[in-house]
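# A closer look at the structure
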Amino acid sequence: MDENGNSNIAPKNMWNLPLSVFFKDARLVFKMDSLGKEILGIAFPSALAVAADPIASLIDTAFIGHLGPVELAAAGVSIALFNQASRITIFPLVSITTSFVAEENTIEKINTTAMEKQLTENIKAKSNEVMLDDHALRDIEKGATKENGETPTESLAANDANTNICNKSASKTRRKKRHIASASTALLFGSILGLLQAATLILAAKPLLGAMGLKQGSPMLLPAVKYLRLRSLGAPAVLLSLAMQGIFRGFKDTTTPLYVIVSGYALNVALDPILIFHFKLGIRGAAISHVLSQYIMALALLLILMRKVDLLPPSIKDLQIFRFLKNGGLLLARVVAVTFCVTLAASLAARLGSIPMAAFQTCLQVWLTSSLLADGLAVAVQAILACSFAEKDYDKVTATATRTLQMSFVLGVGLSVIVGVGLYFGAGIFSKSVLVVHLIRIGIPFVAATQPINSLAFVFDGVNYGASDFAYSAYSLVMVSLASVTSLFLLYKSKGFVGIWIALTIYMSLRMFAGVWRMGTATGPWRFLRGRSLS
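Residues numbered from 1 in each chain as written. Predicted model: local features only at pLDDT ≥ 70, side-chain atom pairs only at ≥ 80, totals over all residues. Heavy atoms only, no water.

Attention now moves to the overall build of the protein chain. Along its length, the protein chain carries 17 helices and zero strands. When each of the 535 residues of the protein chain is scored for burial, the buried share is 49%. (Helix = DSSP H or I, 4+ residues; strand = E, 2+ residues; numbered from the N terminus. Buried < 20%, exposed > 50% of the residue type's maximum accessible area, 1.4 Å probe, protein only.)

Quick look at the structure:
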C-alpha cells in the first residue's frame, strides 16, 4: 500500500505492462478519425517533399547524361560529395528545429490563450465596476446626474470606450506575429553552416574530389571541379531552405513547403535544357539551374515565414545557441555512426569485386527506399509528440506514438510484398549481367523481409525526437553501430555477400529494438506510462 492507501500491486492484466503499449487500439490503425487525419495530413505532404529532390536529381542526371559519359560521371561524383557534406549538417539542424519549434510554438499558444482569458476577465471586471445600481437606473429615467457632474450617458460611453480598448488589445494580441526563438536560432545556424559548407567545398574542391577517387590527370577532374564549385554556391540556400522546412514542420505545416519545393524543382528542370543546351553551358548550366532554383525556394519560404513569425529576436540572449549546439552535437554523432555503418558495408562489398558491388548497390538503393515513405510518418509523429509533450497531454502522446508505429508496420509489410515481387521480376532492369541479376535475387529475402523493421526503425527516430530524447537516440545508435560494425567484419569474412546483408539486417533490427526498449520499458520521457491503464 502507498501513503494514500492505494495498492502498489498492478492488476494482472497484460495491457497494463508498458511493453503492451505498442498493441494499444491496433484495430484503429486504418481509422480516419481526427488523429488519423492529423498524422496523414502531415506525413503525406512531407513524404512527397522528400521524394521531390531525388526525382529532380534523376531528371538532372538524364540531361547531363546527354553531354557524355565523362560529364555524367563527373557530376555523379560531385553530387555524391555535396550530398554527403550536406547530410552531416542538414539532418541534425532539421530534426532539432522541428522539435524545438513545435514545443515553443505550443507553449506560446498556451500563454497567449491564458493572456486572452485574463483580458476577457478584466473586461468583465471593468464592466461590473461601472455598472449602475438600481438607484442610478432610476436617476437615468429622471434625467439626473451624478455628483461629479458626469451624466450616466457619459459614464456608459466611458465604459464602452474602456471595453473597446480591452477588446482591441485582445485582438492585437491574437493578430501580432509570433516570436519563436528557436526559429531565429535555426536560421542563424542554417546561414552559418551554409556559408562554411560553401567555402569548404569551393576552396578544397580538388583534394576532396581526389579523396573520392578523381586523381590528377583524370578526364573527369576538371568538369567535376567546375560543377562542384558552382553547385556549392547554393549551399547557404540549401541549408536555409531545410532549416525553414524544419520550422514549418514544427508548426505542423508540411503543405506549404511542399508547394514551394515542387515549384522550385520544376523551375530547375525547366532551366536545365535551356542553360545546358541552348546557352551551351554544358555541365555548368546544370549546376547554375540547381543553384538558382535553391535560392528562389529559400526566398519564397522566407517571405512566407516572415508573415507568420518575427524572425529578428529582441536580443541575442533570446537565441537558443547552446541548446542547439548541445543537441545538434548529439545528432551529429548519430549521423556519423549511421553513415559509417552503411559506408563500411558498401566498402566491404566493393572488395568482393565489381559484380557483387553492382548487385549490392542495387539492393541497397531499393532497401533504403522505405526511408522516403517512412520519413513522412516520422516527421508527423515528431511534430505531434513535441506539441503534446509541451501540453502534457500524455493520452495524445501515447495514442499518436502507437498509431504511427502501427501505420509504419503496415507500410513495411506492404513494401515487403512490393519490393519482393518487383525486385524478383525486375532485377534485369538494373543490369544485363546474369551474374549480377543472380546476386540481386539472392539479396531479395533480406531486402524485402526487413522492410517492416526499417519502417519501424525510421519512425522510432521521429518518436525519440518528438520526445526530445536526443541523448538516448545518439548514444543508443553509437552502441548499435559498434555492434553492427563487428558483425559486418565477422560475417563478411565467413559468408561474403550474404554475410554483409545478414549484418545489415542485424543493424536495422538493433536500431528498431533500441526504440522498442526505450518506450516499452517506460524509461526516460516515457516514465508516465508506468502504472497507466493502457486498455
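Looking now at the side chain of Ser95. Within the secondary structure layout, Ser95 lies in helix H2 (residues 69–129). Assessed through its relative accessible area of 7%, Ser95 is described here as buried.

For the rest of this paragraph, the subject is the nonpolar core. Core analysis: the largest hydrophobic core is formed by 69 residues, its most contacted members being Phe360, Ile500, Met519 and Trp526. It is helix H17 (residues 470–520) that provides the largest number of residues to this core, a total of 15 residues. If you look at the next biggest cluster of nonpolar residues, it comprises 39 residues, including Phe100, Ala205, Leu228 and Phe324. (Core = buried A, V, L, I, M, F, W, Y, C linked by side-chain atoms within 4.5 Å.)

A few words now on the environment of Leu385. Relative to the elements of secondary structure, Leu385 occurs in helix H13 (residues 369–391). Judged by relative accessible area, Leu385 falls into the buried class, the value being 0%. Taking the C-alpha atoms as reference, Leu385 lies 4.9 Å from Gly466; in sequence the two are 81 residues apart. Those residues in contact with Leu385, other than ones at most four positions away along the chain, are Val397, Thr400, Ala401, Val463, Gly466 and Trp526. (Contact = heavy atoms within 4.5 Å.)

What follows deals with the packing of helix H12 (residues 354–367) against H17. The geometry of H12 relative to H17 is characterised by a closest axis approach of 11 Å and an angle of 25° between their N-to-C directions. Taken together, the axis directions place H12 and H17 in an arrangement best described as roughly parallel. Of the two possible hands of crossing, H12 and H17 adopt the one that is right-handed. Judged by residue contacts, Pro356, Ala359, Phe360, Cys363, Leu364 and Trp367 of H12 engage Phe497, Ile500, Trp501, Leu504 and Met508 from H17. Its residues assigned to classes, the contact of H12 with H17 shows eleven nonpolar, no polar and no charged. (Axes fitted to C-alpha atoms, helices over the stretch in contact; angles between N-to-C directions. Parallel < 35°, antiparallel > 145°, perpendicular 65-115°, else oblique. Left-handed = near helix turned anticlockwise from the far one by under 90°. Nonpolar A, V, L, I, M, F, W, Y, C, P; charged D, E, K, R; others polar.)

With that settled, the discussion passes to the pattern of salt bridges. Under the counting rule described, the total for this entry stands at ten salt bridges. The salt bridge involving Glu38 is made with Lys252; its shortest N-O contact spans 2.9 Å. Of this pair, Glu38 sits in helix H1 (residues 34–65) while Lys252 sits in the loop between helix H8 (235–250) and helix H9 (255–278), and the two are 214 residues apart along the sequence. In this structure Glu38 comes out as partly exposed when scored by relative accessible area, which is 21%. The salt bridge involving Asp461 is made with Arg334; its shortest N-O contact spans 2.4 Å. (Salt bridge = Lys/Arg side-chain N within 4 Å of Asp/Glu carboxyl O.)

It is worth spelling out the packing of helix H11 (residues 321–351) against H17 at this point. The N-to-C vectors of H11 and H17 enclose an angle of 0°; their axes lie 9 Å apart at closest approach. Between H11 and H17, the angle falls in the class roughly parallel. Looking at side-chain class alone, the contact of H11 with H17 contains 24 nonpolar, four polar and three charged residues.

Moving on, we come to the packing of aromatic side chains. For any pair of aromatic rings, geometry is given as the distance between the ring centres together with the angle between the planes. Applying the stated criterion across every chain yields a total of 16 aromatic pairs. Measuring from centroid to centroid gives 6.0 Å for Phe91 and Tyr465, while their planes differ by 70°, and the two rings are edge-to-face. Taken together, the residues Phe91 in helix H2 and Tyr465 in helix H16 (residues 451–466) connect sequence positions 374 residues apart. On the basis of relative accessible area, Phe91 is assigned to the partly exposed category, the value being 24%. Through a chain of ring-to-ring contacts, the aromatic side chains of Phe91, Phe100, Phe189, Phe324, Tyr465 and Phe470 assemble into a single cluster. Over the face of the ring belonging to Phe82 we find Arg231, whose NZ or CZ atom lies 5.3 Å from the ring centre. The ring of Phe100 is capped by Arg323, whose NZ or CZ atom sits 3.7 Å from the centre of that ring. (Phe/Tyr/Trp six-rings, centres within 6.5 Å; stacked < 30°, edge-to-face > 60°. Lys NZ or Arg CZ within 6 Å of the ring centre and 35° of its normal.)

As a further point, take helix H7 (residues 221–232). With twelve residues, H7 should reach 16 Å at 1.5 Å per residue; the first-to-last C-alpha distance of 16 Å fits that figure. Of the residues making up H7, those classed as buried are Leu221, Pro223, Ala224, Val225, Tyr227, Leu228, Arg231 and Ser232. (Expected span 1.5 Å × (residues − 1).)

Once that is clear, we can look at a nonpolar patch on the surface. Among the surface-exposed residues, Phe30, Phe409, Val410 and Val413 lie close enough to one another that they form a single nonpolar patch of about 380 Å² accessible area. Mapped onto the fold, Val410 is located in helix H14 (residues 394–430). Given a relative accessible area of 35%, Val410 falls into the partly exposed group. (Patch = residues over 30% accessible without salt bridge, like charges linked within 9 Å, V, L, I, M, F, W, Y side chains within 5 Å. Areas by Shrake-Rupley, 256 points an atom, 1.4 Å probe, with all protein chains shown as cover.)

A few words now on the environment of Ala427. Within the secondary structure, Ala427 is located in helix H14. The exposure class of Ala427 is buried, given its relative accessible area of 0%. With near-sequence residues (within four places) excluded, Ala427 lies in contact with Gly422, Val437, Ile440 and Arg441.

Here we come to the side chain of Arg518. As for its placement among the helices and strands, Arg518 is situated in helix H17. Residue class for Arg518 comes out buried when judged on its relative accessible area of 16%. If sequence neighbours within four positions are ignored, Arg518 has contacts with Asp469, Tyr472, Thr523, Gly524, Pro525 and Trp526.

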